[in-house]
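Structural overview for review
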Amino acid sequence: MTPVLTDCRVPFAHELIDLARTDERVVAVCNDSVSSSNLGEFRSLFPDRMFNVGIAEQNMVGVAAGLANAGLIPFVCAASPFLTGRATEQIKADVAYSRANVKLVGMSPGVSYGELGPTHHSIEDIAWMRALDGLPIVSPADEAQTRQAVRWAAEYHGGAFLRIGRFKVPSVSEGQSPAFHFGIANTVRHGDDVTIIASGVTVSRALAAAELLADQAISARVLNISTICPLDADTVIAAARDTGHIVVAEESVSRGGLGGAVAELLAESVPVPMRLLGVNTFAPTGSVEFLLEHFGLSPEGIAAAALELVGRG
Amino acid sequence: MTTDWWQRLHDAGPASTSDIADFATEIRRTTLVTINRAGLGHIGGDFSVTDILATLYGRVLRVDPTQPDWSDRDRFILSKGHAAVSLYSTLALSGFFPMDWLGTFTGPLSALNGHPNRNKVPGVETNTGPLGHGFPVALGCALAAELQGSERRSYVVIGDGELQEGSNWEAFMYGGHRKLSNLTAIVDRNRLQQGDRTENTNSLDPLDAKVEAFGWEARVINGHDLDALYSALTTPSDRPVAVIAETTKGKGVSFIEDRAEWHHKVPSAEQVELALQELGS
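Residues numbered from 1 in each chain as written. Chains lettered and ligands numbered in written order. Predicted model: local features only at pLDDT ≥ 70, side-chain atom pairs only at ≥ 80, totals over all residues.

Description of the overall build of chain B
A count of helices and strands for chain B gives 10 helices and 5 strands. Taking 19 Å as the expected radius of gyration for a compact globule of 281 residues, we find that chain B reaches 17 Å, a close match to that expectation. The C-alpha extent of chain B, read off along each of the three principal axes, is 50 × 45 × 35 Å. Taken over 281 residues, chain B has a buried fraction of 52%. (Helix = DSSP H or I, 4+ residues; strand = E, 2+ residues; numbered from the N terminus. Rg over C-alpha atoms; globule rule 2.2 N^0.38 Å. Buried ≥ 20, exposed ≤ 12 C-beta atoms within 10 Å, placed from the backbone.)

The following block contains the structure:
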């Protein structure tokens, strides 16, 4: 049976609309990104609560901080490379340092713009945002996590960065209750020989890699890190201690990204052999599927890294 | 508890022009002493903006020092956050926080950093310091007031050199597009930036024509004429208003006025004495 695949921007928008129906403080801010953020219906339903500042990301984030100053809950929805790259200083000073209640929603992160190339890829966003004090980073892996993460963001008081993918993904939350719990990693597969740590798009690929490894009698644990910052230290440290080998697979640069975060944590607690898979160079031309495979983020690529790490490659 | 200054300016009816002049003098004296004690500050920009701050807090803004978080207060943002000491002096004299905080300015763990922090200083709306940040936030405050059906207004002071940051022009564009008549941007047009004259660096003139072209009403005034300031800041418009306040950097002290080197030079004890004499009381 072919699994149902979801573009997480769709459940994001539905959930935002549901929130807005019951909470008049919820507003949207965007940079000519109504269609790319899937906010057309929101605009039709709540025209006064949609602030489209045009192609002007610095102003977009500053305006959101001003809206938050009045007690509103702005969701800034923009393609992640431009939100986090162009407006980095506004995110630092106006949101993180000012402790403004602004939700930054980076749409279409990683290499999800495929053939459009590295200008449109958002592989640095996690590293940039992770360097900021007090800015949670949330990266849902499927529809259920996306919906619950939006609810969490609205209730959480303070700035937050959400990474919402456009590349279609299957559910990875069966049997997980709740699907999303802020600050808690989901153990989506148990195993003893190696742990694959993944987030967003790479979670389903890590699960498929674990199947491949099982065929070779390797028992792989898979963690879905939907809260990248703050990292669930207990779960990651336990995985390092239990399995002795860590593979991180992420759709972003390892330097400062999830791989960096895991390495920083384990270097000071349970140092174990690790392999950090990520999009660690500007990508060549190609489709999303091609690029994920190119960077070793296919099930086969992740499994190969794990096999090599445990001495079976 | 409000301060004597607040009571004089607000509780006994509307403040007079001479009340505001006295308030401005007291802000300058307090600023001078605070900077000298800390050995750090931006006295030139502090003194160019002082009359603007005195007018705003003395007779324009609807704010309450005893309830700095009152939800329907007017919003004021000092985007040129390096002029923090003039703002701190104004807020302390108004009663937003105790005067003795000023003695801690830049000291270890003081609430009063070199640039204002909204989470530590009552009356500060957003953290400024990097240039080009305050205007978009003030624009967001104005949009929120419109959405919420509130009569409250938003004011932002921008340095003229600061206008070289492109984010301001993004804000001018959207504010003009939205015809936000509840928003006033005040440009402290002292014609000096840290390194040189603005017109030698990246010229801004004709500034009034530029902002008019963005859909704003430009009001060019002498930024030290208290009556002109009051009028420019309170006369309604059907558009957002840009008050281009022609000012003198270091205004009020002859040897500081209009000199680039006084951007962040700290006066000596002798210079403080001379300056206090010139300012009067």
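That was the structure; now back to the text.
So, the interface of chain B and chain A
In this assembly, 25 residues from chain B lie in contact with 25 residues from chain A. Listing elements by their share of the side of chain B that touches chain A, those giving two or more residues are α5 (134–147) and α6 (166–177) of chain B. Of the residues forming the side of chain B that touches chain A, the biggest block, 10 residues, is contributed by α5(B). Here the residues of the side of chain B that touches chain A sort into 12 nonpolar, 9 polar and 4 charged. (Contact = placed C-beta atoms within 7 Å. Nonpolar A, V, L, I, M, F, W, Y, C, P; charged D, E, K, R; others polar.)

Describing the domain arrangement of chain A
For an interface, size is often stated in terms of accessible area lost upon the parts coming together. Residue and element names in this part refer to chain A. Segmenting chain A into domains produces domain 1 (9–164) and domain 2 (186–308). When each unit is reduced to the centre of its C-alpha atoms, the spacing between domain 1 and domain 2 is 26 Å. With 24 residues of domain 1 in contact, the opposing surface of domain 2 contributes 28 residues. The residue makeup of the side of domain 1 that touches domain 2, split by class, is 12 nonpolar, 7 polar and 5 charged. (Domains from an automatic or database assignment.)

Considering the pairing of strand β12 (residues 274–277) of chain A
Residue and element names in this part refer to chain A. Alternating positions in β12 separate into two faces, M274 and L276 on one and R275 and L277 on the other, with burial throughout. Here strand β11 (residues 246–249) runs beside β12; their pairing, made up of 4 bridges, is parallel. Residue V248 lies in a different strand from β12, and its bridge partner there is L276. With helix α10 (residues 258–267) bridging β11 and the parallel β12, this β-α-β connection has right-handed handedness. (Pairing = 2+ DSSP bridges. Right-handed = clockwise from strand over helix to strand, strands pointing away.)

Some points on the confidence of the model for chain B
Looking at chain B as a whole, the pLDDT averages 97, with 100% of positions reaching at least 70. Across the whole predicted complex the pTM is 0.97, and at the interface the ipTM reaches 0.96. (pLDDT = per-residue confidence, 0-100.)

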